[in-house]
Each structure stands twice: as C-alpha cells, then as structure tokens.
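# Residue-level structure breakdown
Spelled out from the first residue to the last, the chains are:
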Amino acid sequence: MTDSLFQVERTRPDELTLRLGGVLDENAALGCEREARAQLSLAKNGSQRILWDLREVTGYSLEARAVVVRLQRFLADKAQRTVYVATRPEPRSLALWAVHMAGHLDACIATDLESAQAYLRGRGDPETGVRPLVSARPAPVNDLNKAAS
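Going along each chain's sequence as written, the residues are numbered from 1 onward. At least 70 in pLDDT is required for a residue's local features to be given in this predicted model, at least 80 for side-chain atom pairs to be given and counted, and no such filter applies to totals for whole chains, interfaces and linings, which use all residues. As a convention, hydrogens and water are excluded, and side-chain values are obtained from all of the structure's heavy atoms.

Turning to helix 3 (residues 89–102), a few remarks are in order. Each helix is a run of H or I in the DSSP string that is no shorter than four residues. Each strand is a run of E no shorter than two, and both are numbered from the N terminus. By definition here, a helix of n residues has an expected span of 1.5 Å times n minus one. Over its 14 residues, helix 3 extends 20 Å from the first C-alpha to the last, a length consistent with the 20 Å expected when each residue adds 1.5 Å. Accessibility here uses a 1.4 Å probe with only protein chains present; expressed as a share of the type maximum, an area under 20% marks a residue as buried, one over 50% as exposed, and anything in between as partly exposed. Taken residue by residue, helix 3 has P91, L94, A95, A98, V99 and A102 as its buried positions. The buried residues of helix 3 occupy one face: seen down the axis, they fall within an arc of 120°. Residues of helix 3 that are exposed and angled more than 90 degrees away from the buried face: P89 and H100. Whether two residues touch is decided by their heavy atoms; if any such pair falls within 4.5 Å, the residues are in contact. If you follow the buried residues of helix 3, they end up packed against strand 2 (15–24), strand 3 (48–60), helix 2 (62–78), strand 4 (79–85) and strand 5 (108–110). Note: the arc covers the axis-to-C-beta directions of the helix.

Moving on, we come to the packing of aromatic side chains. Each Phe, Tyr or Trp ring, with Trp reduced to its six-membered ring, pairs with another whose centre is within 6.5 Å; inter-plane angles below 30 degrees give stacked pairs, above 60 give edge-to-face pairs, and intermediate values give tilted ones. Tallying each qualifying case throughout the model produces 1 aromatic pair. With a centroid separation of 5.2 Å and an interplanar angle of 10°, the aromatic rings of W52 and Y84 are classed as stacked. Here the residue W52 occupies a position in strand 3, and Y84 occupies one in strand 4, the gap between them amounting to 32 residues. Considered together, W52 and Y84 belong to a single accessibility category, that of buried residues. Charge-over-ring placement is defined geometrically: NZ (Lys) or CZ (Arg) within 6 Å of the ring centre, and within 35 degrees of the ring normal. Stacked on the ring of F74, the Lys or Arg R37 has its end atom at 4.5 Å from the ring centre. Sitting over the face of the ring of W97, R65 holds its NZ or CZ atom 4.2 Å from the ring centroid.

Whenever a carboxyl oxygen of Asp or Glu lies within 4 Å of a side-chain nitrogen of Lys or Arg, that contact is scored as a salt bridge. Within this structure, the stated rule accounts for 8 salt bridges. Residue R37 is joined to E33 by a salt bridge in which the shortest nitrogen-to-oxygen separation is 3.3 Å. In this pair, R37 and E33 both sit in helix 1 (residues 26–40), 4 residues apart, roughly one turn of the helix. Residue D53 pairs with R55 through a salt bridge whose shortest N-O separation is 2.7 Å. Residue classification places R55 among the partly exposed positions, given a relative accessible area of 30%.

Residue-level pLDDT values for the protein chain average 86, and 81% of them are 70 or greater. As a per-residue measure, pLDDT reflects the predictor's confidence and takes values from 0 up to 100. Counting contacts from residues 143–149, a segment whose pLDDT is below 50, to residues more than four positions away or on other chains yields 1 contact.

On to the side chain of T17, then. Tracing the chain through its elements places T17 in strand 2. Discounting chain neighbours no more than four positions away, the residues touching T17 are Q7, V8, E9, T11 and L51.

The subject of this paragraph is the pairing of strand 2. Of all the 10 residues making up strand 2, 8 are buried; the element is thus mostly covered by neighbouring parts of the structure. Note on pairing: DSSP must find at least two bridges between two strands before they are called paired. Of the strand pairs in this sheet, strand 1 (residues 5–12) and strand 2 are connected by 7 bridges, and their pairing is antiparallel. Within strand 2, the position partnered with E9 by the bridge is T17. In this structure, the hairpin formed by strand 1 and strand 2 is closed by a connection of 2 residues.

Right, let's get into the pairing of strand 3. Inspection of the sheet shows strand 2 paired to strand 3 by 9 bridges, in the parallel sense. Along strand 3, the bridge assignment pairs G22 with V57. Looking down the strands as they point away from the viewer, one classifies a crossover as right-handed if the path from the first strand across the helix to the second runs clockwise. Between strand 2 and its parallel partner strand 3, the chain crosses via helix 1, and the hand of that crossover is right-handed. Taken together, the 6 bridges between strand 3 and strand 4 define a ladder with parallel strand orientation. For R49, the partnering residue across the bridge sits in strand 4 and is R81.

Structure follows, in structure tokens:
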C-alpha cells in the first residue's frame, strides 16, 4: 500500500494543475508524469500556465524526485508561467531541486493557492506573495573560490 497521491487537472484550456501528496513514491510520480504528458502532448511551447500544488507532500523518495525533475523539464518548454505552492520544508526542497535541475529559472513559489492562481493569471505584484525559486543572477565569487581554481 502506498501513501502517495497525485491528481492532474486541466483547470482551463491553458492551465494545468498537478497535485501531489503524502510521501511521494516513484509510482505516483510516474503516474503524474504520464497524465501530464498526455494532457499537454499537443500544447504549443510557451502556451500553458502550470501550477504544482505540493501542500500535502510530507516526503519523497529519490526516485520520485528524479521523475519530478524530468517532468519539470518537459513542462518548462510548455509553460508560459510556472508556480509551486509549498509551505513546509519537504515540498519546498522538492520544488527547488526540480527547478534547479531542470534549469527552469522562471518558476516561482507561493505559500498559498490564491496567490499562486493570481500569479498564473498575470497578477505578479509583490502583494501576491509569489517569489522566484531560483535567482537568475550568478552568485558572487569570493576569494576562496578564486584560490581553489
């Protein structure tokens, strides 16, 4: 028996919501990936708003994390905007890892569903509480890094 759950839903023709929950395992992640790819197979690149709802994720396996990264790479091409909803450390770390490993610097994170939906629909002002997951600016090189090269 598994403690994982997933749901993939087209909330609008240009919007896809992926809900993950429990301790995410590889089987649930693969199911989510299959469903998301099927729903977006004909979508044009840059045409979709992607919402990852991770509020119910309590943990994840390394195998599940690898599948989420692969799915994020696929979704990054299809996305006009991507936002993750995560409040606790486990889902936030999963979101950060997926975005970093997929090289999708434009993804953002929100602490609540309402802010995430507002961001997806074009209201990205500071009041939404949505923040970039990965900074597009390179980190400064300090003297220790220079000496090691």
